[in-house]
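Chain residues, written in single-letter form:
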Amino acid sequence: MKETKENIWSSEETTRLIMNSALDAIVCIDTDGCIIIWNPQAERTFGFTETEVIGRRLSETIVPEQYRALHETGLKKYLNTRQGTVLNKVFEISALHRNGHEFPIELTIVPMRLKEHDFFCAFIRDISERQEAETRHQQYAEDLKRKNIELEQFAYVASHDLQEPLRTVSGFVELLKRHYKNETDENVIKYINYITDASDRMWRLVQDLLDYSRLGRERILEPVDCNKVVQEVLSDLAIAIQESKAVINIDPLPVISGYSTEMKQLFQNLLSNSLKFRKPGEPPVINISVMLREDTWQFSVTDNGIGIDEKYWERIFVIFQRLHTKNEYEGTGIGLAHCKKITELHNGKIWVDSTPGEGSTFYFTIKKRNTDKWKV
Ligand code: ADP
């Protein structure tokens, strides 16, 4: 017979070739539950050779004991009713290896009918590695969470306990200052002033750290009207706004469900940075906007200030990281770390986009809840 493409495609050889090269284990059974097809991948997955299993009941080979009854009744039910809940979909279960080891698999069972004969084919994958990776990932996430909590507790305890000795140092420096007020040796006065400055600065750092670790403690979610929050921040910053002749444009903002004190602090830090890091001799122009994206509110605060080089875009959100000395611009470098923690408390993120010399846009997202709305 002349070989045509059609009879090559439909030949048994072709079927074998496909079966042999399939990445899934392919196991087919007849209506008695006996194995009729067992491809090489099935051999690799379960350890049984084809000759060992053909003709044997599936439930006595790779089905773990706890699923045997289920398998038998499912098969009977399908033959009587033509219905089966697990057919034609992907599901996860466990299987037995020849060596007795039970392992997780993912499979699809497809009922088939050929020349009035019913049979069932299962396409099976060993998912042990995937499950192990998932477990490892979960453990890693839990470890990270625990470590974060420990670190926060440590920051709280450390900053809390540092206050006491620091108070003592400041107190005695104050006494020394009084004691030496008529001192003629200029160095003595100079050194005392250095100590005062350093202990003042350390006092601020300790307070900042304490605030940071307290952020969001004992908080309650409530409706927060961002329009109101921003207005409060503007009135707190009124002097800085007037002095710098800042122009601030604010789009209508939503009422979100959040932590009001923290939200105020977030806007306060971003706005005061936009005022602080302005270009010399140029009044700040600041825009506050918001966009609704799928399930988050995406806010933005844009300024026309000095901008930030791309290499610092991540670093500025780390606690106590600053790009300037305290003589150039006041601050301790905690503001953006606060902002990061606050957005994370609201299941959101914060990031910056900026062009040095032209300005910066700080974006942050807040998870939207069903109760959130635009103020009308
Ligand atoms: P601080 O303001 O106390 O320095 P922040 O954590 O608020 O601390 O900011 C960290 C650094 O990020 C700042 O020192 C500054 O270099 C940079 N920065 C923050 N906001 C802006 C801004 N709007 N424009 C330019 N640089 C900014």
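Rules behind the numbers
All residue numbers refer to position in the chain's written sequence, counted from 1. In keeping with the model being predicted, local features are shown solely for residues with a pLDDT of at least 70 and side-chain atom pairs are shown and tallied solely at 80 or more, while totals for entire chains, interfaces and linings include all residues. The side-chain numbers reported here are obtained from all heavy atoms of the structure, hydrogens and water having been left aside. Put simply, DSSP marks the helices as runs of H or I at least four residues long and the strands as runs of E at least two long, and each gets a number from the N terminus on. Just to be clear, the radius of gyration here is over C-alpha atoms, and the globule rule we use is 2.2 Å times residues to the power 0.38. Exposure is judged per residue with a 1.4 Å probe applied to protein chains only, and the accessible area is read against the type maximum: over 50% gives exposed, under 20% gives buried, and values in between give partly exposed. When checking whether two residues touch, look at their non-hydrogen atoms; a contact exists if any pair is within 4.5 Å. Counting rule for charge: Lys and Arg are taken as positive, Asp and Glu as negative, and neither His nor the chain ends is counted. We put the charge of a Lys on NZ, of an Arg on CZ, of an Asp on CG and of a Glu on CD. Each residue is tested against the molecule or strand, and it is near if at least one of its non-hydrogen atoms lies within 4 Å. Residues adjacent in sequence count toward polar contacts only when both atoms are side-chain atoms; beyond that, a polar contact is any pair of N or O atoms within 3.5 Å, and within protein one must be able to donate a hydrogen and the other to accept it. In short, Shrake-Rupley with a 1.4 Å probe defines the accessible areas, and a residue's cover is counted only from the protein chains shown. By definition, disulfides here are pairs of cysteine sulfur atoms that lie within 2.5 Å.

1. Some words on the overall build of the chain
Right, on to step 1. Tallying secondary structure elements over the chain gives eleven helices and 13 strands in all.
Right, on to step 2. In terms of C-alpha radius of gyration, the chain reaches 35 Å, well past the compact-globule figure of 21 Å for 376 residues.
Right, on to step 3. Seen through its C-alpha atoms, the chain measures out along the principal axes to roughly 115 × 50 × 45 Å.
Right, on to step 4. By residue count, 37% of the 376 residues in the chain fall in the buried class.
Right, on to step 5. Nonlocal contacts in the chain, meaning residues at least 24 apart in sequence, comprise 59% of its contacts between residues at least 6 apart.
Right, on to step 6. Distance from the positive charge centre (49 side chains) to the negative charge centre (57 side chains) of the chain: 3 Å.

2. Examining unusual backbone geometry
Right, on to step 1. Positive phi values are uncommon outside glycine, yet Glu 116 reaches one of about 70°.
Right, on to step 2. One can find Glu 116 in the loop between strand 4 (102-114) and strand 5 (117-126).
Right, on to step 3. The exposure class assigned to Glu 116 is exposed, which follows from its relative accessible area of 69%.
Right, on to step 4. Even without being glycine, Glu 294 reaches a positive phi, approximately 35°.
Right, on to step 5. For Glu 294, the location among the structural elements is in the loop between strand 9 (285-293) and strand 10 (296-302).
Right, on to step 6. Relative accessible area serves as the criterion here: at 82%, Glu 294 is assigned to the exposed category.

3. Points about the site of the ligand
Right, on to step 1. In the neighbourhood of the ligand, 21 residues make up the surrounding shell, with Asn 273, Asp 303, Arg 322, Gly 333 and Leu 336 lying closest.
Right, on to step 2. At 2.8 Å from an oxygen atom of the ligand is found a side-chain nitrogen or oxygen belonging to Asn 273.
Right, on to step 3. A distance of 2.7 Å separates an oxygen atom of the ligand from a polar side-chain atom of Arg 322.
Right, on to step 4. Its free accessible area being 530 Å², the ligand has 98% of it covered by the protein chains.
Right, on to step 5. Only helix 10 (260-276), helix 11 (335-345) and strand 12 (359-367) provide two or more residues apiece to the shell around the ligand.

4. Points about the state of the cysteines
Right, on to step 1. Applying the stated criterion across every chain, the model contains one disulfide.
Right, on to step 2. In this model, Cys 28 is linked to Cys 121 through a disulfide, with the two sulfur atoms separated by 2.2 Å. Judged by the sign of its S-S torsion, about 95°, the bond between Cys 28 and Cys 121 is right-handed. With Cys 28 in strand 1 (residues 25-30) and Cys 121 in strand 5, this residue pair connects regions lying 93 residues apart in the sequence.
Right, on to step 3. Classification of Cys 28 by relative accessible area gives buried; the value is 0%.
Right, on to step 4. Of the cysteine sulfurs around Cys 34, a residue in no disulfide, the closest is that of Cys 28, at 13 Å.
Right, on to step 5. Judged by relative accessible area, which is 15%, Cys 34 ranks as buried.
Right, on to step 6. The thiol of Cys 339 is not disulfide-bonded; the next cysteine sulfur, from Cys 226, is found 14 Å away.

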